[in-house]
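# What the coordinates show
Listed below are the residues making up each chain.
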Amino acid sequence: MLLVASAWRITGGYGLDQIRTFYGRAELARWILAYGDIPYTDERIKTEDWPERKKEIVGGKVPVLEVNGKQLPQSLAIGRYVARLSGLMPEDPLEAATCDALIDSINDMAMSCTNDSQKVYEEQVYPKIIKPLLERLNNSLEGQEWYTSGKTTWADLYIGLAFSALREKRPQILDDFQNISRLVDRVLELPKIKEWNDKHPDK
């Protein structure tokens, strides 16, 4: 199994460095594969090598997961596939769809964080997109250790990945959303995730 991704960092807006990398690019698949202890080759294409390598990539975009010579594009499709391999996909179809819905919502939020204007963030993005999502998610986590199905799923890993990055850049953002904050901490302390992050501090 080969995971092909960029070796460069994508910068988002509002001072949230690597926002698009953290929110649903190759790092989600890496966390899931680490959790499942699934061996794979992690190929990171350097900027200067990309024009030539792009010719070999389906759709000309990364990340791409290659399995037995077949390429699977799109980060969330990759995440969904490796989540099944890692035992992080709920068996119940509705619970699995619940995970998908949350992951899509977080991804939509991430895509909104690409404007460098602080004014746009304060007047539109945070109050209309980020805060409502935080409120809904925080309420849904009340009294629960994990997001759904009573066990760790790939939705929990995505929550941990996305909101730990957000909290790193804006330390107070989860102060009013302690259920999310505790879940983020819980994910970061999962042995395989902690081991991965300790070995790859720069992602």
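First things first, this report covers the structure right here in the doc.

Cut-offs applied
- Residues numbered from 1 in each chain as written.
- Predicted model: local features only at pLDDT ≥ 70, side-chain atom pairs only at ≥ 80, totals over all residues.
- Heavy atoms only, no water.
- Patch = residues over 30% accessible without salt bridge, like charges linked within 9 Å, V, L, I, M, F, W, Y side chains within 5 Å.
- Areas by Shrake-Rupley, 256 points an atom, 1.4 Å probe, with all protein chains shown as cover.
- Salt bridge = Lys/Arg side-chain N within 4 Å of Asp/Glu carboxyl O.
- Helix = DSSP H or I, 4+ residues; strand = E, 2+ residues; numbered from the N terminus.
- Contact = heavy atoms within 4.5 Å.
- Axes fitted to C-alpha atoms, helices over the stretch in contact; angles between N-to-C directions.
- Parallel < 35°, antiparallel > 145°, perpendicular 65-115°, else oblique.
- Buried < 20%, exposed > 50% of the residue type's maximum accessible area, 1.4 Å probe, protein only.
- Arc of directions from axis to C-beta.
- Core = buried A, V, L, I, M, F, W, Y, C linked by side-chain atoms within 4.5 Å.

## Digging into a nonpolar patch on the surface
On the surface, Met1, Tyr81 and Leu85 cluster together into a nonpolar patch covering about 240 Å² of accessible area. Here Tyr81 lies in helix α4 (residues 75-85).

## Thoughts on the side chain of Thr148
Relative to the helices and strands, Thr148 resides in the loop between α6 (118-140) and α7 (154-169). When sequence neighbours within four positions are dropped, the list of residues in contact with Thr148 reads Pro90, Glu95, Cys99 and Thr153.

## Section: the packing of α7 against helix α8 (residues 178-188)
Two elements in contact, α7 and α8, have axes whose closest approach is 8 Å; the angle formed by their N-to-C orientations is 110°. Between α7 and α8, the angle is such that the two are roughly perpendicular. Contact with α7, carried on its side by Asp156, Leu157, Ile159, Gly160, Phe163, Ser164 and Arg167, involves Ile180, Ser181, Leu183, Val184, Asp185, Val187 and Leu188 of α8 and no other residues of that element.

## Overview of α4
For α4, every residue scored as buried is listed here: Ser75, Leu76, Ile78, Gly79, Val82 and Ala83. Seen from one end, α4 has its buried residues packed into an arc of 150°, which puts them on one side.

## Let's talk about the nonpolar core
In terms of nonpolar packing, the biggest core is built from 53 residues, with Ile106, Trp154, Ile159, Phe163 and Ile180 touching the most fellow members. Within the residue set of this core, elements represented by two or more residues are β1 (2-6), α2 (26-35), α4, α5 (93-112), α6, α7, α8 and α9 (191-199). The leading source of residues in this core is α7, at nine residues. Apart from the residues within four sequence positions on either side, Ile106 is in contact with Leu133, Tyr158, Ile159, Ala162 and Phe163. Counting residues in each nonpolar core, the second largest holds seven residues, with Leu2, Val4, Trp50 and Ile57 among its members.

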